[in-house]
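# Descriptive analysis of the structure
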Amino acid sequence: MSTGSASSSYRRDIDGLRAIAVLAVIANHFNKSLAPNGFLGVDVFFLISGYVITSSLSRRPTTTWSDWLASFYARRMKRLLPALLVCIAVTVLLGSLVIPPYAPAGGSSWRTGVSAIFGLSNLYLHSTATDYFAESSDYNLFTQTWSLGVEEQFYFFFPLLLWLTGFAQGRVHAARRLALAIGGLGLGSLGLYLTLANHDAAGAFFLMPARFWELGLGCLAFLTVQRQGRLNGLLQRINPCWFALPLVALLFVLKARITTATLAAAALTWLLLVALRPGSAVHGLLTRPIVLWFGALSYSLYLWHWSVLVLSRWTIGIHPWTAPGQAGLMLLLGWLSYRWIETPGRQASWPGSRAATIRVGLAAACLTALTLLGFERTALTAAFRGRPAAATRQEVERSTIPATTVTKANCSWYRGQGPTLAQSLRLCTLPARTAQSPRLLVLGDSHAGHLTGLLDRLHHDDGIGLRLLYVHGQLVPLSPELETRAWKALDKAQQGRLIEQTMAELQPGDVLVISNYLESVFGIDRRNRYADDRGHPLTRDQAYALWLGKLEALAQRAARKKVPVVVVLPLPKFTRGRDLPPPELCVREWFRPLLDPGCEFQANRARLRQQIGALSTGLKAAAARQPNLLLYDPFSVLCPAHSTCQNYLGGRRTFFDDDHLNNQGGALLYDDFLRFLSRHGLLSSPAAG
């Protein structure tokens, strides 16, 4: 999103369009219901940038490639870099005060900021598979800089195109050659955009080649206006209201598929750029002083509005009663940036030649980036003003036993990816303190992984040995669910290897612990399909009965080695209506008096019990038939005897999301589970006795 052109062909109405675009973006980022398609304001900016850059370069014909290119990049650097560097530096400093140093969202923010300095943040966000429309992107301090990356990458390619077509040198028929080149490349880019929209939505959104067609449309709009041909004459006779009103409605009112809305916004903006003329009502509205003021501030306002919103999300939140102050702060910071950084930076005489200007800009960018990287490595922990990590990490971590190699990366598999079995056996085993202590061998899906808070206490407080291995989305024993995707078949095969490896190693003194998310296979997901070992289809009830039979068979194998099997009964499953905020945002701090609404869950206790009742009944029947099959029920600990269950107990969060425990929740089970082990005589090793 860039601005600026030489005054000789300055179009005030384009500043007015910038104002509409930036206000739509801000409204959408404040609350999507205020402007459902407000994010399309960035698409409007792309067309404006293509128009303005072509207009600017058309007035600077030259015969020297190096001089012309240096002049172009020097102007871009003076225009964009000072405000960007200041915004990134100040936002990082403020963010470090309120974002925990161990928060993944913080690390992602710092890396996005450093990437943005060099016009690469769109590539970084794409490489991390960021979904711009997911609520998780709302907590990255520099998500908004993706559009700057698209434009800056366009600036590396576009001057070469102008030179090769002769447009930069002002040659005869160069405009026609440029239009043909832009048209051909634009059609290819549009095809890429439409293809990626169905296969790689993040690529369609973030990558410059998939956005080139919009910037190219802006260039074609300028060439159309300059040519004064029949198309231009026809559009000049049409009232611009016919284009302006649908565009405003699209940005602020209508809801449409992203691809359709993007195409419509680009087409309407192109028509407006060509059809707008002095004397029309739309031109009059767009050139009112207040509108032009917002347009002039659009670049700085675009940068700072996101900093205000994200820092607010990490602190006081965004509420109707905070919105006026937050909007006012955006305007104040945008104006200060425009008045004292952006304008002086553009108008100042930078040292020496254009090449020297570029060197100074690059040096400033590198120095800022190195400072931020050094700050991230050395000072983040000291800068954070919240509670120390030791007091809060239990509430934000899961699937990790602190100060050990038992981590999610070392002990789990998903989508065919994970450690080698030899690595996991070594890294995910913690030996018992004494020969008399039992060893827990924990298997299952992600609901085995979320027991790390419990396992941590058992190992460090009682010296119990343990090993944790699990495969996301795969039950133990293997479920009769049909796997229609190749990676799920790989995961099921891996789970089968873990089961057989564990069964082969069982010995007296071991306790086999199985924890599964049964509701996802036999309960809440109505799309599941099942088949027996010969491929015959099964109903849900038949599939569950078959799985219970496999569980009993597994227990019988363990019984032959005198090993008990403990099955963890289903946990409470909350319902959530939105993406979860980062877990660090759900920890109470002095600067966060109100938690994000997405942090807190509650549900009727009786209804939750009913949801898991059928699954629990089947397990109890299996346990009654198999003496060494023991059932541990964590429900009453996690959901005490009140009418309502909550994911906060004693003011501390116990669930990582709507169905997984965090380490705090796992540790909460410690006393009860220890009594369970003692009651069944499992706290000492028979082999040692």
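Structure report, in brief. (Residues numbered from 1 in each chain as written. Predicted model: local features only at pLDDT ≥ 70, side-chain atom pairs only at ≥ 80, totals over all residues. Heavy atoms only, no water.)

## Regarding a nonpolar patch on the surface
On the surface, I290, W293, L329, L332, W335, L336 and W340 cluster together to form a nonpolar patch covering roughly 670 Å² of accessible area. Those elements giving two or more residues to the nonpolar patch turn out to be α14 (289-296) and α16 (323-347). Element by element, the count of residues in the nonpolar patch is highest for α16, at 5 residues. If you trace the backbone, L329 turns up in helix α16. (Patch = residues over 30% accessible without salt bridge, like charges linked within 9 Å, V, L, I, M, F, W, Y side chains within 5 Å. Areas by Shrake-Rupley, 256 points an atom, 1.4 Å probe, with all protein chains shown as cover. Salt bridge = Lys/Arg side-chain N within 4 Å of Asp/Glu carboxyl O. Helix = DSSP H or I, 4+ residues; strand = E, 2+ residues; numbered from the N terminus.)

## Digging into the pairing of strand β6 (residues 510-515)
Most of β6 is tucked away: 6 of the 6 residues are buried. Of the two faces of β6, the one carrying D510, L512 and I514 and the one carrying V511, V513 and S515 are both buried. (Buried < 20%, exposed > 50% of the residue type's maximum accessible area, 1.4 Å probe, protein only.)

## Here's the deal with the nonpolar core
If you look at the biggest cluster of nonpolar residues, it comprises 121 residues, and the most contacted ones within it are I88, W146, F158, L162, L178, L303 and W314. The leading source of residues in this core is helix α3 (residues 65-98), at 16 residues. Formed by 78 residues, the second largest nonpolar core is a distinct cluster that contains A555, V563, L569 and C639. (Core = buried A, V, L, I, M, F, W, Y, C linked by side-chain atoms within 4.5 Å.)

## Quick notes on the state of the cysteines
Counting across every chain of the model gives 3 disulfides. Disulfide pairing is shown between C586 and C599; the S-S distance is 2.0 Å. On the S-S bond that ties C586 to C599, the torsion sits near -80°, and the link is left-handed. On the criterion of sequence distance, the pair formed by C586 in the loop between β9 (565-568) and β10 (602-604) and C599 in the loop between β9 and β10 is long-range, its members being 13 residues apart. Taken individually, C586 and C599 each receive the classification buried, so the pair is uniform in this respect. Covalent S-S linkage joins C639 and C645, the inter-sulfur distance amounting to 1.2 Å. Sign of the S-S torsion, about -60° for the bond between C639 and C645, identifies this disulfide as left-handed. Assigned by exposure class, C639 and C645 land together as buried. Indicated for the protein is the disulfide connectivity 1-2, 3-4, 5-6, based on numbering the bonded cysteines in sequence order. Looking at C87, it has no disulfide partner, and the nearest cysteine sulfur is the one in C366, 19 Å off. (Disulfide = S-S within 2.5 Å.)

## Quick word on the packing of helix α1 (residues 12-30) against α14
Between two packed helices, what matters for the description is the angle formed by their axes and the separation of those axes. Interaxial distance between α1 and α14 falls to 7 Å at its minimum, and their mutual angle equals 70°. Between α1 and α14, the interaxial angle falls into the category roughly perpendicular. Judged by residue contacts, R12, D15, G16, R18, A19 and L23 of α1 engage V291, L292, F294, G295 and A296 from α14. Split by residue class, the contact of α1 with α14 holds 6 nonpolar, 2 polar and 3 charged. (Axes fitted to C-alpha atoms, helices over the stretch in contact; angles between N-to-C directions. Parallel < 35°, antiparallel > 145°, perpendicular 65-115°, else oblique. Contact = heavy atoms within 4.5 Å. Nonpolar A, V, L, I, M, F, W, Y, C, P; charged D, E, K, R; others polar.)

Distances and angles like these do not, on their own, reveal function.
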